[in-house]
Structures are given as structure tokens and as C-alpha cells.
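# Remarks on the overall topology
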Amino acid sequence: MDGLQEKRAPDARAKRRFDDVVSVVRALQPGYPVYCLRPKLLTETAKRFISLFPGTVLYAVKCNPRPEVLDAVYRGGIRHFDTASLPEIAQICDTYPDAHAYFMHPVKARAAIRMTHKAYGIRHYVIDHEDELAKVLEETGGKDLTIIVRIKTEDTGDSLYDLASKFGTGPDEAVALLRAANNRDCKTGLAFHIGSQCREPKVYRKALALCGDIIARSGVEIDSLDVGGGFPAYYANTQVPPLEDYMAEIRGGLNDIGLKPTVEVFSEPGRALVAAGCSLLTQVQLRKDDRLYINDGIYGSLSEMTQVDIRMPVRLIRLQGEAAPKLRPFILNGPTCDSLDVLPGTFDLPEDTREGDWIEIDQLGAYSNALATHFNGFYPEAFVEVHDAPPAARS
Ligand SMILES: *Cc1c(COP(=O)(O)O)cnc(C)c1O
């Protein structure tokens, strides 16, 4: 555990540790947005995923690269990281000497390939084009490499994002790339990403069948197979099957294609590991009838709600007196001057919600702080740790 970042600033972190979110409000009465991290939940979630997945679990760093989040999943046993840039690789390798980073971006700067290979000892590179294979071979010298070919999977409409539209090759090209890498004495692998927040476990089995076809046609004995991310989180408006169902389909899919036991199986969960491990405390700054103006919005922590149909649970926190038991729908407006800075849909909150009340928005550990901008001078950057159960688990 030598790598843990909290060792460097133990006092600072201890001062930001609270029993629960209400204690945070009492102590800080924050007029700025505060991320409430739940490190124990993050650690437990990582442990659980590792225990269920039949292979090696890589945490997808882009989902939430906060040091406390990385430490928490590390503490849960994560030693492998899906990284996509030189800064991400540097952050992981400089922080955790016993961790392994994998360069999973199919389009890399030559300088980044060179630097990550020489300075950080990276040996796994994803490609989806012959020119990228040539780049990796040229910049690394081609020794001791694992080349992972990213393939396109069918967009079944079961995921909230289609991650095959930008990256990934078709089967014929994948066959050619596997052979080309194999001919250059590289170890080889296949990877796919079925799209984030996938609500249908069978999609993994279908994608594995496609991998089986490609492997058989190529005649190459691959060394690794990467089923990507896409495992769901539990939002207010979605019903998703339990993680066990996804693992069953993956085990079934691996069985179907008769993968050799020596083939290393990877997954790259982001959202499923961290979404539940953080909520956001915002404050109402003005009420106009059914419109609440709060201090975070779509240019800060809440941009994902505008991209796809996900809805986070909310609850009101008031220090003086009780809020009305009856709820009504409110429109939540963000802090910037942009008229687009309004959250889609409505949120049910006590009908007497007023200026100065706090609203805790739950399930915000994934793609929140990682996407926040400084637009208009608003930037959410306060983080505390809490040790209660998250609201979603309470209700
Ligand atoms: C973003 C990303 C992930 C993480 O996806 P989740 O849906 O958050 O699990 C994993 N792998 C790759 C290649 C990605 O781009």
C-alpha cells in the first residue's frame, strides 16, 4: 500500500472526513458544490467486481481520476488500469509503483507512444488500423509488445452510448491486423467496448462470439481478450440486471468460443466501479416558482444528464426546521449565464424548497468531476469523505 496518495497528506484528508452528508452541511454550510466521496463503498465495489469477474479487472481512469478515487479502488485490489493518454499513464505509474497501465487509445501521438514505452515501460497498446500498428512498432522498436486489436461490435441499442461508431475495425481488417502483429513477433489480443451503461447482459456474449469468429479465421493464438467497460450503474430511472447476470453471459461467451485457459481475460469497468461512490452537495441560490437555481450545472458536474437519459436521485437537506413532507417537481437551473445550463426533466423535492436549502445529488461518481469545465468562472473542486450509506441504498 506504499503508493497510496493519502500517505503524503494524511492531515489534510483527515480534516475533510465526516460521518455523513448532513455533518458536512453542518460543519461547512457550503455555498459551493461539494463532492462527497464514499471511499469504503468504492473499495467494496472494486473488491466485489474483482471477485465476480473471470479475469483481470482494469479500472478505466477517465471515468474519475481523482486521487482519492484511485486510492479507494487500489485498496479494493485494483492493480491494472485502462489509460488513454500520457498524463493518465504518468499519474498511475508515478503513484502506484506496483500498478500496470495499458495504453488503450486506438489513436496515439507518436511522442506519447515513445514516452510511455521508454519512461513508463508500457507494453500493451491498442490499435484499430494498420498505420497505427506501424506507428507503435516504429516508436517502440517492436520488442516485447502486446498489440490489442479493437473491434467494432454491433450497436444493439442496449447501451446509452455507441462506442463502436468512432473506434474499432470490422472482422476482415481485424483478422489482417492480428496476423500482421503476430508476424512481427508481438503478442496479440482482441478488445471491444459495447457502449457505456449497457442494460442487456447478452450483448457481451454476442460480442464474444464475434471475437471467436475472428480468432478462428485469423489462425493466430491470441494472448488476451478484453471485454471492455459498459457495466451499468443504478440510476433513478433505469432498471438494470445485477452484475452477476453480466458475468454469467461473459463466462458463457468465453466457454462458447473455447478460449484456451492461458488467454488472459480483461475487463475495463469505469462507471460500475465508481458511480455510487460519490454524491454532490449543491445549494439553492434562488427559487422562482418551480425553478430552482443551484450552484452546479451542465458545464460542471452534471453534463452527462444532457447527453443521455440518466437521472440521479436527489434529496433535500435543511438545517433550520423541517421541509414540507409533500413533494413537487422542480426544474433545476445551473449557475452559468448560458440559457442551455438547465437540467433536462424535473426533480421531485419538498414543495417548500427555498433559497439556502441544500440538494444532494446521488450516484455522481462517474463522468462528473472528470468532465467539469471552468466556464463562466464556476468550477466544482471541493471534495470531502463521508462514511454513511449513499441515499440510493437507504431508500
Ligand atoms: C470509457 C471507456 C471504458 C469505461 O467505460 P464504462 O462504460 O464507464 O465502464 C472502458 N474502456 C474504454 C476503451 C473506454 O473508452
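Mapped onto the fold, Ser-301 is located in the loop between β12 (291-294) and α12 (304-307). Of the residues examined, Ser-301 reaches a relative accessible area of 1% and is grouped as buried. Looking at Ser-301, its side chain comes within polar contact range of the side chain of Tyr-35, at 2.7 Å. At a separation of 2.4 Å, a polar atom in the side chain of Ser-301 contacts the side chain of Asp-296. Contact partners of Ser-301, with chain neighbours within four places excluded, come to Tyr-35, Leu-280, Asp-296, Leu-364, Tyr-367, Ser-368, Ala-372 and Pro-380.

On to helix α8 (residues 171-183). Over its 13 residues, α8 runs 18 Å from end to end, which matches the ideal 18 Å to within 8%, given 1.5 Å per residue. Taken as a whole, α8 has its buried residues at Ala-174, Val-175, Leu-177, Leu-178 and Ala-181. Down the axis of α8, the buried side of the element spans an arc of 165 degrees, and every buried residue falls inside it. Opposite the buried face of α8, by more than 90 degrees, sit the exposed residues Asp-172 and Asn-183. For α8, the secondary structure elements touched by its buried residues are β6 (124-127), α7 (130-140), β7 (146-150), β8 (187-191) and α9 (202-218). Backbone geometry just downstream of α8 places Asp-185 in the positive-phi region, at approximately 65 degrees.

This brings us to the nonpolar core. Nonpolar side chains in soluble globular proteins tend to be buried together. Of all hydrophobic cores here, the largest spans 97 residues; its most connected members are Tyr-59, Phe-81 and Phe-231. Among the elements that line this core, the one with the most residues is α9, at seven residues. Shared between two domains, this core holds at least three residues of each, these being domain 1 (2-37 + 275-394) and domain 2 (39-274). Those residues in contact with Phe-81 that sit more than four places away from it in its chain are Leu-58, Tyr-59, Val-61, Leu-70, Val-73, Ile-92, Tyr-96, Ala-99, His-100, Ala-101 and Tyr-102. Counting residues in hydrophobic clusters, the runner-up holds twelve residues, among them Val-24, Cys-36, Leu-281 and Trp-358.

Alternating positions in strand β16 (residues 358-361) separate into two faces, Trp-358 and Glu-360 on one and Ile-359 and Ile-361 on the other, with burial throughout. With four bridges joining them, strand β11 (residues 278-288) and β16 adopt antiparallel strand pairing. Each bridged residue has a counterpart across the sheet, and for Thr-282 the counterpart in β16 is Ile-359. For strand β13 (residues 314-317) and β16, the ladder comprises four bridges, and the chain directions are antiparallel. Pairing of Val-314 across the sheet is with Ile-361, part of β16.

Take the domain arrangement of the protein chain next. You can read the domains of the protein chain as domain 1 (2-37 + 275-394) and domain 2 (39-274). The C-alpha centroid of domain 2 is placed 31 Å from the C-alpha centroid of domain 1. Taken together, the 31 residues of domain 1 in the interface contact 31 residues of domain 2. Taken over both partners, the interface formed by domain 1 and domain 2 buries close to 2,700 Å², and the fraction arising from carbon and sulfur atoms is 56%. Counting across the interface, domain 1 meets domain 2 through two salt bridges. Two residues, Glu-68 and Arg-16, come together in a salt bridge whose shortest N-O distance is 3.5 Å. Remark: the boundary between domain 1 and domain 2 carries nine residue pairs in polar contact (both at pLDDT 80 or more).

In this structure, Asp-185 is a non-glycine residue whose phi angle is positive, near 65 degrees. Position of Asp-185 relative to the elements: it lies in the loop between α8 and β8. Since its relative accessible area comes to 70%, Asp-185 is described here as exposed. Non-glycine residue Asp-289 carries a positive phi angle of around 55 degrees. Locating Asp-289 in the fold gives a position in the loop between β11 and β12.

Another aspect to go through is the site of the ligand. In the neighbourhood of the ligand, 13 residues make up the surrounding shell, with Lys-62, Ser-196, Glu-268, Gly-270 and Tyr-367 lying closest. Note that a nitrogen atom of the ligand is positioned 2.4 Å from one of the side-chain N or O atoms of Glu-268. In this structure, an oxygen atom belonging to the ligand sits 2.9 Å away from a main-chain N or O atom of Gly-270. Considered on its own, the ligand offers 390 Å² of accessible surface; in the complex 90% of this is hidden by protein. The residue makeup of the shell around the ligand, split by class, is three nonpolar, five polar and five charged.

How each quantity is defined
- Within every chain, residues take consecutive numbers counted from 1 along the sequence as written.
- It should be noted that, the model being predicted, local features are given only for residues of pLDDT at least 70 and side-chain atom pairs only at 80 or more, the latter also being counted only at that level, while totals for whole chains, interfaces and linings use all residues.
- Values reported for side chains reflect all heavy atoms of the structure, with hydrogen atoms and water molecules removed beforehand.
- The numbering of helices and of strands both runs from the N terminus, where a helix is a DSSP run of H or I of at least 4 residues and a strand a run of E of at least 2.
- Throughout this description, buried means an accessible area under 20% of the type-specific maximum (1.4 Å probe, protein chains only), exposed means over 50%, and partly exposed covers the range between.
- Think of a polar contact as two N or O atoms within 3.5 Å of one another; within protein, one of them needs to be a possible hydrogen donor and the other a possible acceptor, and neighboring residues in sequence only count if both atoms come from side chains.
- Note on contacts: a residue pair qualifies if any of its non-hydrogen atoms lie within 4.5 Å across the two residues.
- Every helix has an expected span of 1.5 Å times one less than the residues it contains.
- Think of the arc as the fan of directions from the helix axis to the C-beta atoms.
- Throughout, nonpolar core names a set of buried Ala, Val, Leu, Ile, Met, Phe, Trp, Tyr and Cys residues whose side chains join them through atoms within 4.5 Å.
- Either an automatic procedure or a domain database provided the assignment from which the domain bounds are taken.
- By definition, two strands form a pair when at least two bridges between them are found by DSSP.
- By definition, the buried area sums, over both parts, the 1.4 Å-probe accessible area that each loses when the two are put together.
- One side-chain nitrogen of Lys or Arg within 4 Å of one carboxyl oxygen of Asp or Glu is enough to make a salt bridge.
- Any residue with at least one heavy atom within 4 Å of a molecule or strand is counted as near it.
- Accessible areas in this description were obtained via Shrake-Rupley with a 1.4 Å probe; residue shielding takes into account the shown protein chains only.
- For this scheme, ten residues count as nonpolar: Ala, Val, Leu, Ile, Met, Phe, Trp, Tyr, Cys and Pro. Four count as charged, namely Asp, Glu, Lys and Arg, and the remainder, Gly too, count as polar.

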